[in-house]
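# Chain and residue survey
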Amino acid sequence: MTLEPRPGVMDVQPYVPGRSDASGAKRVFKLSSNESPFGPSPKAIAAYESAEPALGVYPEGTSRILREAIAAHYGLSAERIICGNGSDEILHLIADTYLRPGDEVMFGAHAFSLYKIAALRNSATPIEIPEPHLKMDVDGVLARVSPCTRMIFIANPNNPTGTYLSVSEMQRLQSGLPDSSLLVIDAAYAEYVGKSDYNAGIKLVDDSENVIMTRTFSKAYGLAGIRIGWGYCPQAIADVLNRVRQPFNVNVAAQKAAVAALADQAYVEKVIRHNEIWRAWLIDEIRKFSNKGVRVDDSAGNFVLLHFADAKGAHDADRFLMSRGIIMRGCASYGLPQCLRLTVGSEEANKAAVGALREFVSS
Ligand SMILES: Cc1ncc(COP(=O)(O)O)c(C=O)c1O
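Quick look at the structure, then. None of the values given here were measured: they were computed from a predicted structure. Numbers given for residues are sequential positions, taken from 1 along each chain in its written order. Owing to the predicted nature of the model, reporting of local features is limited to residues with pLDDT of at least 70; listing and counting of side-chain atom pairs is limited to 80 or more, with chain, interface and lining totals taken over all residues. Excluding hydrogens and water, the side-chain values take into account all heavy atoms of the structure.

### Notes on the sheet that holds strand 10 (residues 303-308)
At least two bridges found by DSSP between two strands is the condition for calling them paired. Think of it this way: any DSSP run of H or I at least four residues long counts as a helix, any run of E at least two long counts as a strand, and we number them from the N terminus. If you trace the four strands from one edge of the open sheet to the other, you get 9-10-13-12, paired in antiparallel fashion. With partners counted over all chains shown, the strands left at the sheet margins are strand 9 (294-296) and strand 12 (329-330), one partner each. Both strand 9 and strand 10 contribute to a ladder of three bridges, which runs antiparallel. Bridging from a neighbouring strand, Val 294 pairs with Phe 308 of strand 10. Where helix 10 (residues 265-287) meets the sheet, it contacts strand 9, strand 10 and strand 13 (339-343), and its direction lies at approximately 150° from that of strand 9. Strands in contact with helix 11 (residues 311-323) are strand 10 and strand 13; relative to strand 13, the strand with the most contacts, it is inclined by about 40°. Contacts between residues were defined by any pair of non-hydrogen atoms, one from each residue, lying within 4.5 Å. Structural elements are reduced to axes, namely lines fitted to C-alpha atoms, with helices fitted over the stretch in contact, and the angle between N-to-C directions of any two is expressed from 0 to 180 degrees.

Structure representation (structure tokens):
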């Protein structure tokens, strides 16, 4: 008998991270992974360094200091918060815990690619809901609900499209789901949205038994490298996830750094303000090229999605931009081969990106 992984595992296309190298260019701007151009607060760096004496001992296994800090900041119960090695870990943990072979898992056709991997590795059936407007289609989801529907993943806002569901759209979606299915709201970019009809999902978690919200310190808090995310769940789900999560899944430096990052709201507000200003600037500038074969969508995240005439157009642009040291993210793995995603960077990076794009469309 040969050793075989679970059905579905070999259908997984390995996750392709944003590239980080543009060899040959004099100056390189990595705008491919939606990281913060500012990195973490200096207070988070100091807290990280303060972990040094504790490196030889296991961390407190429940991330208590961080759960309590998150609970105090958002007015939540610490018992219902679960922390993980990035929100990726929480998303996988939810899928690994609740999916059975044959269950159906829905997500948008242009959604964050982890959801499909999470379904396939559990021998569940991924169901991609078409997104004609590059936005999660609530009616499309509701029309596809069946007794097999176990999980719906929604990135709100979504990566890479930058679209989001309003509070009322999300409520309508949740109220049309059976109790036997779990709605997972992945709010990795929540801090950046800044729209009055948006919230990250806390109230929906509070008002129901089948909604989980996940968050991350990788984006606005600038801690992607140290891997720290969290989820807010109904108590019964938190109890289940705590049985199966790894006992020491968040390292001591990550716990300390995240607590300090959360406490430094003035720093995060600066990051968010920078993003608002430069996201709008990038969109305005790129729209000036709209008669030259590149178009850009509005975005609620820290990135914008650029559309070219076709996949070749995106590929040619990508090669040209790489030669100028601008690393964007190809979107073929998101079902958008004609698109490139550009992370909002520093002022210098944003100006360099627009300059290179201008050069490309004029060439
Ligand atoms: C929509 C979405 N969810 C989750 C994540 C994962 O974040 P983390 O670094 O917390 O694992 C990302 C990262 O790019 C993302 O875009």
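### With respect to the environment of Ser 218
With respect to the secondary-structure elements, Ser 218 resides in the loop between strand 7 (211-216) and strand 8 (229-232). Between the C-alpha atoms of Ser 218 and Phe 29, which are 189 residues apart in sequence, the distance is 18 Å. Leaving out residues up to four positions away in the same chain, Ser 218 has contacts with Leu 223, Ala 224, Arg 227 and Ile 228. Whenever two N or O atoms come within 3.5 Å, that pair is a polar contact, provided that in protein one can donate a hydrogen and the other can accept it, and provided that, for residues adjacent in sequence, both atoms are side-chain atoms. Polar contacts involving the side chain of Ser 218 include one to the side chain of Arg 227, which spans 3.4 Å.

### Observations regarding the packing of helix 11 against helix 12 (residues 347-362)
With their axes 10 Å apart at the nearest point, helix 11 and helix 12 run at an angle of 125° to one another. In terms of orientation, helix 11 and helix 12 fall into the oblique class. Crossing angle aside, the handedness with which helix 11 passes helix 12 is right-handed. Residues Gly 313, Asp 316, Ala 317, Phe 320 and Leu 321 of helix 11 touch helix 12, and the partners they reach there are Ala 353, Ala 356, Leu 357, Glu 359 and Phe 360. Roughly parallel refers to an angle under 35 degrees, roughly antiparallel to one over 145, roughly perpendicular to one between 65 and 115, and oblique to any angle outside these ranges. Should the near helix be turned anticlockwise from the far one by less than a right angle, the crossing is termed left-handed; should it be turned clockwise, right-handed.

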